[in-house]
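Topology and contacts: notes
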Amino acid sequence: MTGSDTHRTIDAVWRIESARLIAGLARIVHDVGLAEELAQDALVAALERWPETGVPDNPGAWLMATAKHRAVDLLRRNKRLEHKLEEIGRDVESRQDGAPGFDAVLDDDAIEDDLLRLVFTACHPVLSTEARVALTLRLLGGLTTGEIARAFLAAEPTVAQRIVRAKRTLAKAEVPFEVPPRAELADRLSSVLEVVYLVFNEGYAATAGDDWMRPALCEEALRLGRVLAGLMPKEAEVHGLVGLMEIQASRTRARTGPSGEPVLLLDQDRARWDRLLIRRGLAALDRAEELTGRPGPYALQAAIAACHARARTPEETDWARIAALYAALARRTPSPVVELNRAAALAMAFGPAVGLELADELAAEPSLKDYHLLPSVRGDLLAKLDRFDEAREEFERAASLTRNERERALLLDRAAACGRATASP
Amino acid sequence: MRFMILVKADDDSEAGVPPSQELIEEMGRYNEELVNAGVLLAGEGLHPSSNGARVNFSGDGRTVVDGPFAETKELIAGFWMIDVKSMDEAIEWAKRCPNPTGEESVLEIRKVFEDTDFENATEEQIAREQRLRDRIAES
């Protein structure tokens, strides 16, 4: 094996082992930042040693053992961390008593608990959302600072700073390395899910032609979601989020046309949807629905996505069910945007007049004042009702509000078409 | 990116000999590891080729040949589909697999095509690939 082969192997091992390594170390030193430094030190040692000695049979155990030695060395040299050395001393002693100690860190059950603790720590509310995202990708995804920076189109030093500050904040706030108590679990879990979905959307919003890292964010978010579902198999919303992401990801290939232009859901070539991801998404949604009779926002959105996934043609779409799901979503998380989507679904299910009634009610909604999709939806429904003059105004208004050039062109085309329809009744 | 890890057949798998209790246990643990890491998309074991068939093409002609097939080492006994970041990661996962037969076995790793693999392809080639995919998706 050449040196560069070994380096690539080490990258792969790091990708597989780093989260478990950091999580295991964090349980011992009670400090996520320190745990990550120790894990990084072990990685550097592997980079120095393995090209000569070859990759050990159990690279994870090697890294853990090395990190453990570094921890003891470091703590000996560092007075500031004296109490942590004491803890480790106790740990070593207790191991001699036959109780689980350092070496048990690689024990399977403990790993899962440790990983869960790491997830909740990285997504702790004491951190800003940006910091949670960066820290999660770094500690759980094993992404480098450079990779995270590229993915979020940020400067590398900015991201590095963000991560350093996040770790410092956690240490300063003395955030315990633990899974939150039952009473707090739901709130804290929603912070975790929010981070994962944010990562997913950051990648999903980018087109396939962009820098490779951005689509890769979708994969990373999916992987994190699947890991979470394994760690918290009883939490319906985790499965709901995984189902939502799998189904959305199944459309990736169909979402852009030959010259990179976005293709809307109903215009997509459904043969290009990824059946494997759809199956996985529907299975995850089933699990979410089995676990609760009161699905949360992610499971509801997944159920809406599933309605589209199940329809073999746009005409087969169960719009009545989609409208009902949007109504349920609006009850769980009231939002004018959800209502607008419900209006569009109602129009598809029961005719444009029904949808327009709800859309008109939303016209007075201040938060939608500059939201281009409101006039866009209203324009569409008005045009379907042959009220072309009003429709043209709405499309023109929508065109003036959108920031997307292609969309503006499309809306102005529709406005012009309405103008022609009025002129020649 | 997606990789398919193919398990090559051996005399036992072709004879339909079920794996040992121990191997089932080890494979179960391995599969769990793949799931826990969020990388396993799908995986199945295949019946011996004696339960299979081949369709041979010759120009417009088609001939169906029932199994079993010779060249045991060229046959496939099962597969995993995994979603990982690199070929090296796929190799690293494959290395962690318990020895599928306990003796001389082979796991073959193959990358699954993606859109981005066709950046240098001609329009015609892309269209052909697209037709192929469409057919797969329809079935």
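Note that the structure is predicted; figures quoted are calculated from it, not measured. Sequence positions are assigned chain by chain, starting from 1 and proceeding in written order. Labels are handed out in written order, letters beginning with A for the chains and numbers beginning with 1 for the ligands. In keeping with the model being predicted, local features are shown solely for residues with a pLDDT of at least 70 and side-chain atom pairs are shown and tallied solely at 80 or more, while totals for entire chains, interfaces and linings include all residues. Hydrogens are left out, water is left out, and the side-chain values use all remaining heavy atoms of the structure.

1. Some thoughts on the overall build of chain A
Put simply, DSSP marks the helices as runs of H or I at least four residues long and the strands as runs of E at least two long, and each gets a number from the N terminus on. Along chain A, the regular secondary structure elements total 19 helices and zero strands. Working definition: with a 1.4 Å probe on protein chains only, accessible area under 20% of the residue-type maximum means buried, over 50% means exposed, and in between means partly exposed. The buried share of chain A, reckoned over its 425 residues, is 49%. Here, two residues are considered to be in contact whenever any of their heavy atoms come within 4.5 Å of each other. Restricting the contact set of chain A to residue pairs at least 6 apart, pairs at least 24 apart contribute 62%. A total accessible area of about 20300 Å² is found for chain A, and carbon and sulfur atoms account for 50% of it. Values of accessible area rely on a 1.4 Å probe in the Shrake-Rupley scheme; residue burial ignores everything except the protein chains shown.

2. Looking at the interface of chain A and chain B
Listed as interface residues are 25 residues of chain A and, on the opposing side, 24 residues of chain B. Put simply, buried area is how much 1.4 Å-probe accessible surface two parts lose in total, over both of them, once they are put together. In total, chain A and chain B occlude about 2300 Å² of area from one another, counting both sides; carbon and sulfur atoms represent 47% of this. By definition, a salt bridge exists where a carboxyl oxygen of Asp or Glu is found within 4 Å of a side-chain nitrogen of Lys or Arg. Seen at the junction of chain A and chain B, the total is six salt bridges. Taking the shortest distance from any N to any O, the salt bridge between E89 of chain B and R15 of chain A comes out at 3.1 Å. Contacts described as polar in this section are N or O atom pairs within 3.5 Å, which, within protein, must combine one atom able to donate a hydrogen with one able to accept it, while residues neighboring in sequence count only if both atoms come from side chains. Counting the contacts that link chain A with chain B gives ten residue pairs in polar contact (both at pLDDT 80 or more). Going through the elements one at a time, α1 (3-29), α10 (213-231) and α12 (275-291) of chain A are the ones with two or more residues in the side of chain A that touches chain B. The leading source of residues in the side of chain A that touches chain B is α1 of chain A, at eight residues. Counted by class, the side of chain A that touches chain B contains nine nonpolar, one polar and 15 charged residues. Here the nonpolar group is Ala, Val, Leu, Ile, Met, Phe, Trp, Tyr, Cys and Pro; Asp, Glu, Lys and Arg are the charged ones; every other residue, Gly included, is treated as polar.

3. Here we look at helix α15 (residues 336-350) of chain A
All names here are of chain A. Look at α15: 20 Å from first C-alpha to last across 15 residues, which is about the 21 Å you get at 1.5 Å a residue. All buried positions along α15 are accounted for by V338, E339, L340, A343, A345, L346 and A347. Measuring from the side-chain oxygen of the N-cap residue of α15 to the backbone nitrogen of V337 gives 3.1 Å; that N-cap residue is S335. Looking at the residues trailing α15, positive phi occurs at G351, about 105°. For a helix, the expected span equals 1.5 Å multiplied by the number of residues minus one.

4. Quick look at the pattern of salt bridges
Taken as a whole, this structure holds 33 salt bridges over all chains when the rule is applied. The partner of E246 of chain A in a salt bridge is R226 of chain A, with the nearest N and O atoms 3.0 Å apart. Residue E246 of chain A is found in helix α11 (residues 236-250), and its partner R226 of chain A is found in helix α10; the two are separated by 20 residues along the sequence. Residue E246 of chain A is classed as buried on the basis of its relative accessible area of 1%. As a salt-bridge pair, D370 of chain A and K369 of chain A come within 3.8 Å of each other at their nearest N and O atoms. Each of the two residues, D370 of chain A as well as K369 of chain A, counts as exposed. One network of salt bridges, in which partners are shared, links E17 and R20 of chain A together with E92, K95 and R96 of chain B.

5. Observations regarding the confidence of the model for chain A
How sure the predictor is of each residue is captured by pLDDT, a score from 0 to 100. Predicted confidence across chain A gives a mean pLDDT of 87, with 89% of residues reaching 70 or more. The model gives residues 93-107 of chain A a pLDDT under 50, and that stretch makes 26 contacts with residues more than four places away or in other chains.

6. A short note on the environment of R27 of chain A
All names here are of chain A. Here R27 shows up in helix α1. R27 sits in the partly exposed class, given a relative accessible area of 28%. Residues R27 and W14, 13 residues apart in the sequence, show an inter-C-alpha distance of 19 Å.

7. Observations regarding unusual backbone geometry
Put simply, G67 of chain B and P68 of chain B share a cis peptide bond, and its omega is 0°. Locating P68 of chain B in the fold gives a position in the loop between β4 (61-66) and β5 (76-83). Residues other than glycine seldom take positive phi values, yet L153 of chain A does so here, at roughly 50°. If you trace the backbone, L153 of chain A turns up in the loop between α7 (145-151) and α8 (156-172).

8. Examining the packing of α11 of chain A against α12 of chain A
Residues and elements named next belong to chain A. It is the contact of α11 with α12, at a shortest axis distance of 7 Å, that shows an interaxial angle of 160°. By the angle between their axes, α11 is roughly antiparallel relative to α12. Of the two possible hands of crossing, α11 and α12 adopt the one that is left-handed. Residues A236, H239, G240, V242, G243, E246, I247, A249 and S250 of α11 pack against L277, I278, R280, G281, L282, A284, L285, R287, A288 and L291 of α12. A per-class count over the contact of α11 with α12 returns eleven nonpolar, five polar and three charged. To get an axis, a line is fitted to the C-alpha atoms, and for a helix only the part in contact is used. The angle between two axes follows their N-to-C directions and goes from 0 to 180 degrees. Note on angle classes: values under 35 degrees are labelled roughly parallel, values over 145 roughly antiparallel, values of 65 to 115 roughly perpendicular, and the remainder oblique. Helix crossings get a hand from a simple test, with the near helix turned counterclockwise from the far one by less than a right angle marking a left-handed crossing and a clockwise turn marking a right-handed one.

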